[in-house]
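Notes for the structure review
Residues per chain are reported as follows:
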Amino acid sequence: MKVIVTKDYEEMSDAAFEIMSKTVSENPRAVLGLATGSTPLGLYSRMVADHEKNGTSYKEIKTVNLDEYIGLDSDNKESYAYFMRKNLFDFIDIKKENTNIEDGTAEDFSAECERYNALLSVLRQDIQVLGLGSNGHIAFNEPGTPFDSVTHVVSLSESTIKDNSRLFDSIDDVPKKAFTMGLSNIMNAKKIIILASGENKAKAVYGMVKGKICVDVPASILQNHADTTLICDASAAKLIEEFVK
Ligand code: GLP
């Protein structure tokens, strides 16, 4: 895994944008795997600014998102579908029909997982953006998730519900279940960038980069990926400093 340590969140977002922008300019028909959460917001705002300023086009780009809460429709402000529209898709020239995410309102969970897996088998990510959960999760693959997992339904861990409750009115409003791409869907991406910012990610960053590859830290599987770059700020890199200097 390549590791880039930046001074702060802004520099982390600059470095992520540089890689994303290269992918899009080299292949205007690329498939972008996208993530939600606060971490990639700086990357998305740079993509919007670049589209406005330089006219970078997303007309032929397709996207696949990692995960979605079960029970929230795409107009619900807490849904990941809404998040993607309000932070990226509404401000670039991407065709809405080219953006993909699991349907949080699907009643037949296994049919929805099958639909999404079939889609991912034809839309292999040229680049996959990832954030990192403080317990080492990626997408919603919580500790214990098998490495060969594909899109599935997950019961969110207490720590993830607590971490994500900051975006809801109350912790009781956080859905308890979600659809998520599995770890093998993520590992299938040609290129991965994983972003981490802040001291609360330092332990997970250490486990991902320096720990044993094990299901207790789902992100540790990325050590086996041929083209993964971790971009993290100095606070998130606190425990790996000595290895990257
Ligand atoms: C959620 C998302 C993950 C994201 C993680 C970290 O659990 N499902 O995809 O990486 O939160 O979020 P944040 O970037 O807000 O710290």
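Residues numbered from 1 in each chain as written. Predicted model: local features only at pLDDT ≥ 70, side-chain atom pairs only at ≥ 80, totals over all residues. Heavy atoms only, no water.

1. Quick word on a nonpolar patch on the surface
Taken together, the side chains of Val5, Tyr206, Leu239, Phe243 and Val244 define a hydrophobic patch exposed on the protein surface, amounting to about 400 Å² of accessible area. Along the polypeptide, Leu239 turns up in the loop between strand S10 (228-233) and helix H8 (241-244). Exposure remark for Leu239: the relative accessible area of 41% places this residue in the partly exposed category. (Patch = residues over 30% accessible without salt bridge, like charges linked within 9 Å, V, L, I, M, F, W, Y side chains within 5 Å. Areas by Shrake-Rupley, 256 points an atom, 1.4 Å probe, with all protein chains shown as cover. Salt bridge = Lys/Arg side-chain N within 4 Å of Asp/Glu carboxyl O. Helix = DSSP H or I, 4+ residues; strand = E, 2+ residues; numbered from the N terminus. Buried < 20%, exposed > 50% of the residue type's maximum accessible area, 1.4 Å probe, protein only.)

2. What about the site of the ligand?
As a matter of local geometry, the ligand sits amid 13 residues, with Ser38, Thr39, Asp67, Arg166 and Lys201 nearest to it. Within the side chain of His137, a nitrogen or oxygen atom sits 2.9 Å from an oxygen atom of the ligand. Contacts to the ligand include Asn164, whose side-chain N or O atom sits 3.3 Å from an oxygen atom. Expressed as a share of its isolated accessible area of 390 Å², the protein-covered part of the ligand is 94%. Broken down by class, the residue content of the shell around the ligand amounts to four nonpolar, six polar and three charged. (Near = heavy atom within 4 Å. Polar contact = N/O pair within 3.5 Å; in protein donor to acceptor, adjacent residues only side chain to side chain. Nonpolar A, V, L, I, M, F, W, Y, C, P; charged D, E, K, R; others polar.)

3. Digging into the pattern of salt bridges
Going through the model one piece at a time under the given rule, you end up with 14 salt bridges. The salt bridge partner of Asp75 is Arg85, with a shortest N-O separation of 3.2 Å. Here the residue Asp75 occupies a position in the loop between strand S4 (67-69) and helix H3 (80-87), and Arg85 occupies one in helix H3, the gap between them amounting to ten residues. A salt bridge links Lys96 to Asp90; the nearest nitrogen and oxygen atoms lie 3.7 Å apart. Residue classification places Asp90 among the partly exposed residues on the basis of a relative accessible area of 33%.

4. Quick word on the pairing of strand S9 (residues 192-196)
Counting buried positions over the five residues of S9 gives five, a clear majority of the element. Sheet analysis places strand S6 (residues 127-130) next to S9, joined by three bridges and oriented parallel. Following the sheet pairing, Leu130 is matched in S9 by Ile194. (Pairing = 2+ DSSP bridges.)

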